[in-house]
Amino acid sequence: MKFNTKTIHGGQQLEETTGAVMPPVFFTSTFAQSSPGVHKGYAYARGTNPTRTALESSFAAIENGTNGFAFSSGMAAIDCVLRLLKPGDEVIAGDDLYGGTYRMFTQLFEQYGLKFTYVDMDVVENVTTAITEKTKLVWLETPTNPLMKIADIKAISSTVKQIHSTILIAVDNTFATPYLQQPLNLGADIVMHSATKYLGGHSDLVMGALMVKDQNLAKEIHFIQFAAGAIAGPMDSFLALRGIKTLHLRMQRHCENGMAVAKFLENHSKVGEVFYPGLENHPNYKIAKKQMKDFGGMVSFKLKSATKAATFRFLENTKLFTLAESLGGVESLVNHPVTMSHASIPVQERLKIGITDSLIRLSVGIEDIDDLLADLEQALNA
């Protein structure tokens, strides 16, 4: 199937009892057994649930994997990946990460003996130089949150695997979605999504996803998911599956509007830097163009007036861009990383990579572009 067809039919089957086109929402915690251990594929809902199974099959299909896993949140999915490791193992990650990921790495898993090294993944050699005999995982975010940096998934994966084939490559594909890039096809072992964002697409659920190709890795992940219990519920699974069916249509508009907003900001007298991989002056533009189908709906920028007062004035005066956490919904959102999504990162670490008080992140929705640009214009002039 082509991708647009996979979002609707990938991994899906008609419900056997009634022929329902959409899978029913199975609100049950347990399933009848005809004899001990003899059942119809479902025993206890922490292990499997038919609605979640339908969603996980869709997850696998849209990322060209063999197995998908639906978690209670994106952080639960990341937690599962880290549980594949043991005390003393080392992880290499990008220096621009979602604040929640950084918080989990530094405040949870470092105390259990994992070591994290942060490098600028613009340069492949920065990754390979950091590898030691204890390196077990390379964690990529691309595009990154919030500075929209691009890591070359294929180059990093192939180079790392040449050094040691057992090092896992995991990619947070939340910003791009499988519509724009498919990391498993580029050499990654694990793809992670905060399905709360673009996969769900309507700001009405919280969920995480993992997709893999290797069956042994899939068995390990399934065991951790079952044993730890951070599963997605049946109603959220239904909503996410419904969201995926329009992913390709939504992403087309997100990309169109994202580019228009980026160009508008780039040419505005009150805007300084604009971070968007679709702009030709972006340092990773060539990699993004090679690796991604389009450039997405996430745009970050800084005001020329770098004061906190000017930044807050803009944030308080947008009308269509709602000031809120999260991203990836059909509606446009505006975020202040320093006080919101990246508040958990120490100020000195933020400043090292350019996350300043004047940095603003936009999740550009699918509204009419003229209305969005008018809203930005009035907020910039407020």
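Residues numbered from 1 in each chain as written. Predicted model: local features only at pLDDT ≥ 70, side-chain atom pairs only at ≥ 80, totals over all residues. Heavy atoms only, no water.

Caption draft 1: Region of interest: the pattern of salt bridges. By the definition in use, this model includes 9 salt bridges. Residue lysine 149 is joined to aspartate 120 by a salt bridge in which the shortest nitrogen-to-oxygen separation is 3.2 Å. Taken as a pair, lysine 149 in the loop between β4 (135–141) and α6 (153–163) and aspartate 120 in the loop between β3 (115–119) and α5 (124–130) lie far apart in primary sequence, 29 residues in all. The exposure class of aspartate 120 is partly exposed, given its relative accessible area of 27%. For lysine 352, the salt bridge is made with glutamate 349, and the minimal N-O distance between the two is 3.2 Å. In this pair, lysine 352 and glutamate 349 are both assigned in helix α13 (residues 347–353), 3 residues apart and thus about one turn of the helix distant. Taken together, the shared-partner salt bridges in this structure form one network comprising Asp95, Asp120 and Lys149. (Salt bridge = Lys/Arg side-chain N within 4 Å of Asp/Glu carboxyl O. Helix = DSSP H or I, 4+ residues; strand = E, 2+ residues; numbered from the N terminus. Buried < 20%, exposed > 50% of the residue type's maximum accessible area, 1.4 Å probe, protein only.)

Caption draft 2: The sheet that holds strand β12 (residues 359–363), seen in detail. Pairing in this open sheet of 5 strands is mixed, and the strands run β8-β9-β12-β11-β10 from one edge to the other. Only two strands of the sheet have a single partner each, and these edge strands are β8 (271–275) and β10 (322–323). (Pairing = 2+ DSSP bridges.)

Caption draft 3: Geometry of the pairing of strand β6 (residues 190–194). In terms of burial, β6 is largely enclosed, as 5 of its 5 residues are buried. A two-sided burial pattern is seen for β6, the buried positions comprising Ile190, Met192 and Ser194 on one face and Val191 and His193 on the other. Sheet topology note: the strand β5 (residues 168–172)/β6 ladder contains 3 bridges and is parallel. Bridge assignment links alanine 170 to a residue of β6, and that residue is isoleucine 190. Note: β6 against strand β7 (residues 208–212), 5 bridges, orientation antiparallel. Bridge assignment links serine 194 to a residue of β7, and that residue is glycine 208.

Caption draft 4: Representation of the packing of aromatic side chains within the structure. As enumerated under the stated definition, the model contains 8 aromatic pairs in all. On the basis of an interplanar angle of 45° and a centroid distance of 5.5 Å, the ring pair of tyrosine 102 and tyrosine 118 is categorised as tilted. Here tyrosine 102, found in helix α4 (residues 99–109), pairs with tyrosine 118, found in strand β3; they are 16 residues apart in sequence, far enough to count as distant. Residue tyrosine 118 is classed as partly exposed on the basis of its relative accessible area of 27%. Their ring planes at 15° and their centres at 4.5 Å tell us that phenylalanine 105 and phenylalanine 116 sit as a pair that is stacked. Of this pair, phenylalanine 105 sits in helix α4 while phenylalanine 116 sits in strand β3, placing them 11 residues apart in sequence. Taking the relative accessible area as the measure of exposure, phenylalanine 105 reaches 0% and is therefore buried. Residue classification places phenylalanine 116 among the buried residues on the basis of a relative accessible area of 8%. Here a set of aromatic residues connected by ring pairs shows up, and it is made of Phe105, Phe116 and Trp139. Above the plane of the ring of phenylalanine 226 lies arginine 46, whose end atom (NZ or CZ) is 4.6 Å from the centre. (Phe/Tyr/Trp six-rings, centres within 6.5 Å; stacked < 30°, edge-to-face > 60°. Lys NZ or Arg CZ within 6 Å of the ring centre and 35° of its normal.)

Caption draft 5: The nonpolar core, seen in detail. Ranked by size, the top nonpolar core spans 65 residues in total, and within it Phe59, Met207, Leu265, Phe301, Phe314 and Leu362 carry the most contacts. Leu82, Phe109, Phe116 and Ile190 belong to the second-largest nonpolar core, a separate cluster that totals 30 residues. (Core = buried A, V, L, I, M, F, W, Y, C linked by side-chain atoms within 4.5 Å.)

Caption draft 6: Spatial organisation of unusual backbone geometry. Note that the residue after threonine 142, namely proline 143, is joined by a cis bond; omega there is -10°. Mapped onto the elements of the fold, proline 143 is located in the loop between β4 and α6. Omega for the peptide link from asparagine 145 to proline 146 comes to 15°, which places this bond in the cis form. Mapped onto the secondary structure, proline 146 falls in the loop between β4 and α6. Phi is positive for threonine 177, which is not a glycine, with a value near 70°. With respect to the helices and strands, threonine 177 occurs in helix α7 (residues 177–180). Residue classification places threonine 177 among the buried residues on the basis of a relative accessible area of 1%.

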